[in-house]
Amino acid sequence: MSFGTRLRTMRVEAGLTQKELADPTYTAAYVSTIEAGKRQPSRKALEHLAGKLGVDADHLLTGRRPDLAVQLEDRYIEARRLLASGQTDKAETAFTGLRREAKRYDLVLAEAKAEFGRGLTAEARLDLEEAIARYNSALELLANESPLAGIDALAAKARCLQMTGEVRYAIHLLEQMLAVLRWEGLEDPGALLRLHTSLVAAYFHVGLFREANDSAEKALALAPEVSDPERLANMHINVARISLQQNHLAEAERHYTLAEELFRVLGYNLDVGRVHLARGFGLRSLDRLDDARKHLTSAVDAFRETGNAINEARATNELARVERMSGQVAEAKLLLRRSLTLSENGELDVIAIAHREAGLCETDVKEGEKGLRRAIDLFEQSGNSHELATTYRELGDLLRERKDLQDACEAYRVAALTLEAA
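Residues numbered from 1 in each chain as written. Predicted model: local features only at pLDDT ≥ 70, side-chain atom pairs only at ≥ 80, totals over all residues. Heavy atoms only, no water.

**Notes on the overall build of the protein**
For step 1, the next point in the chain: Secondary structure assignment for the protein yields 23 helices and zero strands.
For step 2, the next point in the chain: Across its three principal directions, the C-alpha atoms of the protein cover 100 × 45 × 35 Å.
For step 3, the next point in the chain: Looking at the protein as a whole, 51% of its 422 residues qualify as buried.
For step 4, the next point in the chain: Summarising the internal contacts of the protein: among those between residues at least 6 apart in sequence, 56% fall at separations of at least 24.
For step 5, the next point in the chain: Working note: accessible area of the protein is about 20,000 Å², and carbon and sulfur atoms make up 50% of it. (Helix = DSSP H or I, 4+ residues; strand = E, 2+ residues; numbered from the N terminus. Buried < 20%, exposed > 50% of the residue type's maximum accessible area, 1.4 Å probe, protein only. Contact = heavy atoms within 4.5 Å. Areas by Shrake-Rupley, 256 points an atom, 1.4 Å probe, with all protein chains shown as cover.)

This is the structure in structure tokens:
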């Protein structure tokens, strides 16, 4: 809408004639020429016209209400809550409308944020290719802004790349952005914390535990300077994983509790489920099977309620492992069939873990080997060195049980080499 058209529309809505709008400083003819698009008002004239209309001068000039940015932010927060409660269709509609309005008023930051939200929605639907495309779109919108503006979109893109097996590229992107921030002197605590939090997960994924621990320590050091509850909650989840690896159970529990409290404050029920999943995983690794079962069951329920299939599959895999370790093999098999149905087009690692667990549940050695080798193929595709080595060790154990010692030794050798290469 041109300025002249906007002026006329607002004048008519205010019930003023051209003369009434112009008086006492200007003439009706002057207002007429502006409305016809034949001239632009000076700043002094703009302020006069805005004053007569009862609006801010910038509102009259751009058409943007003074509180528009705040309103768009409120709508973004509401859309995020819709997504976190599993209402993906409503969230998609909200984010799309938000982007359209932001674009109309040339609010680039708000438009990029809406596109980021659309990426989160695509990710929740397991459409990782679409999610990456939307995160890229958000980053393109922010091309002329500070690198700090695109940190969340970059971290989300890296997460999706990790889920599709491109973890090394994900690590490259995150490390590259850290270097950019250092080079440009933009070492914002919130941005650095977000990047290091993402790197904890990515490094852990490929077995780079020393690097993961280093990023966790850096994130913790930055935390007192950060107020964003979502960034802090995600940090606590990932740092807890490091604490568990180091057998610091009390410290891990403290991080999980803080993460859950922050997500509850935000109203992000889906992420509360993520905390239960992480807790269950940690407790299972410590052979506290009853406690693990409780948290994993809560995680499955939360993900099912919010319609998040990939996380439900993750939690179901872990619950199946707990049942297998508890001797409930039939129950474990039922859970794994459910997981494979949920994750049919999802993350490679989730599918691989389901096949590995299915193999470990088999009493028939040949069928068990099939499951483990299928898992190995998938872990090789995803680049998850740690899980790949674990699966080769499981295969070695199975081959040794059937007295196939030569192949068992080969499986153990590949497991060792895989970890060494990582």
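**Let's talk about helix H11 (residues 167-183)**
For step 1, the next point in the chain: With 17 residues, H11 should reach 24 Å at 1.5 Å per residue; the first-to-last C-alpha distance of 24 Å fits that figure.
For step 2, the next point in the chain: Inspection of H11 places Val167, Ala170, Ile171, Leu173, Leu174, Met177, Leu178 and Leu181 among the buried residues, and these make up the whole buried set. The arc enclosing the buried residues of H11, seen along the axis, measures out at 160°, which places them on a common side.
For step 3, the next point in the chain: Elements in contact with the buried residues of H11: helix H10 (151-163), helix H12 (189-205) and helix H21 (365-382).
For step 4, the next point in the chain: In the stretch just after H11, Gly185 is the one whose phi turns positive, near 65°. (Expected span 1.5 Å × (residues − 1). Arc of directions from axis to C-beta.)

**A few points about helix H14 (residues 229-245)**
For step 1, the next point in the chain: In a regular helix each residue adds 1.5 Å, so 17 residues correspond to 24 Å; H14 covers 25 Å between its end C-alpha atoms and thus fits that length.
For step 2, the next point in the chain: Across the 17 residues that make up H14, a large majority, 13, are buried.
For step 3, the next point in the chain: Of the residues one or two after H14, Asn247 is the one with positive phi, at around 65°.

**A short note on the pattern of salt bridges**
If the charged atoms of two oppositely charged side chains come close together, the side chains can form a pair.
For step 1, the next point in the chain: One pass over the full model with this rule turns up 38 salt bridges.
For step 2, the next point in the chain: One salt bridge connects Arg279 with Glu253, and the closest N-O pair in it is separated by 3.3 Å. With Arg279 in helix H16 (residues 269-285) and Glu253 in helix H15 (residues 249-266), the pair connects residues that are 26 residues apart, well separated along the chain.
For step 3, the next point in the chain: Residue Arg279 is classed as buried on the basis of its relative accessible area of 8%.
For step 4, the next point in the chain: Taking relative accessible area as the criterion, Glu253 reaches 26% and is therefore assigned partly exposed.
For step 5, the next point in the chain: Between Glu260 and Arg264 there is a salt bridge, and its shortest N-O distance comes to 2.9 Å. In this pair, Glu260 and Arg264 both sit in helix H15, four residues apart, roughly one turn of the helix. (Salt bridge = Lys/Arg side-chain N within 4 Å of Asp/Glu carboxyl O.)

**So, the packing of helix H9 (residues 128-141) against H10**
The angle between the axes and the distance between the axes are what describe a pair of packed helices.
For step 1, the next point in the chain: In contact at an axis separation of 9 Å, H9 and H10 are set at 155° when each is read in the N-to-C sense. When the axis of H9 is compared with that of H10, the two are roughly antiparallel. Classified by chirality, the crossing of H10 by H9 is left-handed. Along its contact with H9, which presents Leu128, Ala131, Ile132, Tyr135, Asn136, Ala138 and Leu139, the element H10 presents Ala153, Leu154, Ala156, Lys157, Arg159, Cys160, Leu161 and Met163.
For step 2, the next point in the chain: Class assignment for the residues of the contact of H9 with H10 results in 12 nonpolar, one polar and two charged. (Axes fitted to C-alpha atoms, helices over the stretch in contact; angles between N-to-C directions. Parallel < 35°, antiparallel > 145°, perpendicular 65-115°, else oblique. Left-handed = near helix turned anticlockwise from the far one by under 90°. Nonpolar A, V, L, I, M, F, W, Y, C, P; charged D, E, K, R; others polar.)

**So, the packing of aromatic side chains**
For step 1, the next point in the chain: Taken as a whole and assessed by the stated rule, the structure comprises four aromatic pairs.
For step 2, the next point in the chain: Between Phe116 and Tyr135, the aromatic rings sit 5.7 Å apart at their centres with planes inclined by 40°, giving tilted as the arrangement. Taken together, the residues span a long stretch of sequence, with Phe116 in helix H8 (residues 108-124) and Tyr135 in helix H9 at a distance of 19 residues. Of the two residues, Phe116 and Tyr135, both sit in the buried class.
For step 3, the next point in the chain: A ring pair is formed by Phe204 and Phe209, whose centres lie 4.9 Å apart and whose planes are at 70°; its orientation type is edge-to-face.
For step 4, the next point in the chain: Owing to a relative accessible area of 22%, Phe209 belongs among the partly exposed residues under this scheme.
For step 5, the next point in the chain: The positively charged end of Arg241 is found above the aromatic ring belonging to Phe281, 5.9 Å away from the centroid. (Phe/Tyr/Trp six-rings, centres within 6.5 Å; stacked < 30°, edge-to-face > 60°. Lys NZ or Arg CZ within 6 Å of the ring centre and 35° of its normal.)

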